[in-house]
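Here is what each chain is made of, one letter per residue.
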Amino acid sequence: MRKFRSLFLLLLIALTFTGCAVNGNTSNTAVPDSGPASTKEPRDNAGVEGYPSFDLAKKTVTLNSGYEMPVLGLGMFSLSDSQAENSTYWALKAGFRLIDTARIYGNEEAVGRGLRRAIEEGIVKRGDVFITTKMWTSDFDNGDAAVDASLSRLGVEYIDLMILHHSQPRNDVAAYQAMERAVDAGKLRSIGLSNYYEPDDFDRLVNATTIRPALLQNETHPYHQSGEMKEHIAKYGTVLESWFPLGGRGNTQTLFNDPAISAIAASHGKSAAQVIIRWHLQAGNICIPGSSNEQHIIEDYDVWDFELSEDEMARMTALEKDERFADY
Ligand SMILES: NC(=O)c1ccc[n+]([C@@H]2O[C@H](COP(=O)([O-])OP(=O)(O)OC[C@H]3O[C@@H](n4cnc5c(N)ncnc54)[C@H](OP(=O)(O)O)[C@@H]3O)[C@@H](O)[C@H]2O)c1
């Protein structure tokens, strides 16, 4: 009896070990490693080079992912739920087709409600609207779940663009790889980055992953024009998107009262905000001003009937001070 029991125990141990090995292999294939670039197959956008050109007549740019993206959108940073819902709805009514939100803004659900309101009223169809959201740093170790959670909060079947909110060398490659899996699964259409301010840091991420970032969203405005990063990302066909395009809440008057900007605005009979937005678009920066005010939203979209001359663009470029308003 004792012999029989020993044999049974041996068999159990063998089975347990075999099971562990199988489980170990399975989980290794399900969660790809984050090893060096040499172990990775490049994806289909690896050959795309050069800074994407804007079609201001169509108000869009074609990303290196192949998808078209509106070049002017509305941002949701620091908006309450009711503000975000109304601003999304007002924006779509005013003509905007791009909305920029983030998990950390806490208003993805409200954006989804504003979008559904506009769809129910026949203002837009889901396919007309480009939704961007961002994966927050504390979710980087659980990227697959973070994608699903954003999809569910927004109430959409796919997200047009998801970007990592900040560089975080400890685990941003793993988070980006989760977004790559979500692209393969049809949950995300394009993926990109935000708050990568050093070319080397951008390359670190690109070299460890397989889909080139479609977009880089960094603080960018006339006092911080992001020239170096823009030149750098052009080699991957990545486009720049400006956050704090008007300087950010609390700083806008600094830019609005800049003598060069007010003079250009006066000569076109436009507001300083409109001139700054127009400068972003003509400079090739996707622009996402934030607003909770319907009149401002209408004004921010009314930038298609005038053009800054070469001389005016040069005067705006001359305002570069390498000065950021935020400290992150
Ligand atoms: N990736 C990141 O880390 C990051 C960081 C910050 C922001 N962002 C994104 O970028 C978006 C834009 O940034 P932001 O909203 O912080 O700053 P912003 O767009 O530079 O400035 C927003 C400020 O501009 C005012 N404004 C907008 N249109 C105006 C107009 N026509 N006339 C006068 N004032 C006007 C708004 O006030 P009213 O509400 O009164 O109109 C608000 O005070 C954000 O909403 C967010 O989506 C991303």
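No experiment lies behind these values; they were computed from the predicted model shown.

**Regarding the site of the ligand**
Then, in step 1: Taken together, 27 residues sit near the ligand, with G75, F77, W243, G290 and S291 positioned nearest.
Then, in step 2: Counting residues per element, the shell around the ligand draws most heavily on helix α11 (residues 294-301), at 3 residues.
Then, in step 3: Looking at side-chain class alone, the shell around the ligand contains 9 nonpolar, 14 polar and 4 charged residues.

**Observations concerning the environment of E85**
Then, in step 1: For E85, the position within the fold is in helix α2 (residues 81-94).
Then, in step 2: With 22 C-beta atoms counted inside 10 Å, the residue E85 sits in the buried group.
Then, in step 3: Ignoring sequence-local partners within four residues, the contact set of E85 consists of A110, R113 and G114.

**Thoughts on the environment of Y236**
Then, in step 1: Positionally, Y236 belongs in the loop between α7 (227-233) and β10 (239-243).
Then, in step 2: Leave out the neighbours within four places in its chain, and Y236 touches N64, V206, R212 and P213.

**A look at the sheet that holds strand β1 (residues 54-55)**
Then, in step 1: Here we have 3 strands laid out as an open sheet, ordered β1-β2-β3, and antiparallel in their pairing. Sheet topology places β1 and β3 (68-70) at the edges, where each strand pairs with a single neighbour.
Then, in step 2: Sheet topology places β1 next to strand β2 (residues 60-62); 2 bridges connect them, and they run antiparallel. If you follow D55 over to β2, its bridge partner there is T60.

**Re the nonpolar core**
Then, in step 1: The biggest cluster of nonpolar side chains holds 79 residues, and the ones touching the most others in it are L72, I99, V147, I159, M162, M179 and I276.
Then, in step 2: Ignoring sequence-local partners within four residues, the contact set of V147 consists of M162, A178, M179, A182, K187 and L188.

**Observations concerning the pairing of strand β6 (residues 130-135)**
Regular strands show a simple pattern: their side chains alternate between the two faces of the sheet.
Then, in step 1: Burial analysis of β6 places 6 of its 6 residues in the buried class, which makes it a mostly covered element.
Then, in step 2: With burial as the criterion, each face of β6 is covered, one bearing F130, T132 and K134 and the other bearing I131, T133 and M135.
Then, in step 3: The pairing of strand β5 (residues 98-100) with β6 spans 3 bridges and is classified as parallel. Bridge pairing in β6 places I99 opposite I131.
Then, in step 4: Chirality of the crossover, the property in question, places the unit of β5, helix α3 (residues 108-120) and β6 among those that are right-handed.
Then, in step 5: Where β6 meets strand β7 (residues 159-164), 4 bridges bridge the pair, whose relative direction is parallel. Following the sheet pairing, T132 is matched in β7 by L161.
Then, in step 6: Running through helix α4 (residues 143-154), the crossover from β6 to the neighbouring parallel element β7 is right-handed.

**Looking at the pairing of β7**
Then, in step 1: Among the 6 residues in β7, 6 count as buried, and that is most of the element.
Then, in step 2: Note that β7 and strand β8 (residues 188-194) share 5 bridges and pair parallel. Of the residues in β8, the one forming a bridge with I163 is G192.
Then, in step 3: Taken together, β7, helix α5 (residues 172-184) and β8 form a β-α-β motif whose crossover is right-handed.

**Quick notes on the confidence of the model for the chain**
Then, in step 1: Taken over all residues, the pLDDT of the chain has a mean of 90, while the share at 70 or more is 87%.
Then, in step 2: Per-residue pLDDT stays below 50 along residues 1-39; that stretch engages in 8 contacts with residues further than four places along the chain or on separate chains.

**Describing unusual backbone geometry**
Then, in step 1: The phi torsion at K59 lies on the positive side, around 65°, for a residue other than glycine.
Then, in step 2: Tracing the backbone shows K59 in the loop between β1 and β2.
Then, in step 3: By the C-beta count within 10 Å, which is 19 here, K59 ends up partly exposed.
Then, in step 4: Residue S226 is not a glycine yet carries a positive backbone phi of 60°.

**Considering helix α10 (residues 272-283)**
Then, in step 1: Counted at 1.5 Å a residue, the expected span for α10 with its 12 residues is 16 Å, and the 16 Å between its end C-alpha atoms agrees.
Then, in step 2: Looking at α10, one finds that the buried residues are A272, A273, Q274, V275, I276, I277, R278, W279, H280, L281 and A283.
Then, in step 3: Among the residues trailing α10, G284 stands out with phi positive, at a value near 85°.

**Some words on the sheet that holds β6**
Then, in step 1: Strand order in this open sheet of 8 strands is β4-β5-β6-β7-β8-β9-β10-β11, and the pairing throughout is parallel. The two strands at the open ends of the sheet, each matched to only one other strand, are β4 (74-75) and β11 (285-287).

**Regarding the packing of α2 against α11**
Then, in step 1: Contact geometry of α2 with α11 gives a least axis separation of 9 Å together with a crossing angle of 35°. For the crossing formed where α2 meets α11, the hand is right-handed. When α2 is examined against α11, the residues S87, W90, A91 and A94 are found in contact with a partner set consisting of E294, I297, I298 and Y301.
Then, in step 2: Grouping the amino acids of the contact of α2 with α11 by side-chain chemistry returns 6 nonpolar, 1 polar and 1 charged.

Rules used in this analysis
Residues numbered from 1 in each chain as written. Predicted model: local features only at pLDDT ≥ 70, side-chain atom pairs only at ≥ 80, totals over all residues. Near = placed C-beta within 6 Å. Helix = DSSP H or I, 4+ residues; strand = E, 2+ residues; numbered from the N terminus. Nonpolar A, V, L, I, M, F, W, Y, C, P; charged D, E, K, R; others polar. Buried ≥ 20, exposed ≤ 12 C-beta atoms within 10 Å, placed from the backbone. Contact = placed C-beta atoms within 7 Å. Pairing = 2+ DSSP bridges. Core = buried A, V, L, I, M, F, W, Y, C linked by C-beta atoms within 7 Å. Right-handed = clockwise from strand over helix to strand, strands pointing away. pLDDT = per-residue confidence, 0-100. Expected span 1.5 Å × (residues − 1). Axes fitted to C-alpha atoms, helices over the stretch in contact; angles between N-to-C directions. Left-handed = near helix turned anticlockwise from the far one by under 90°.

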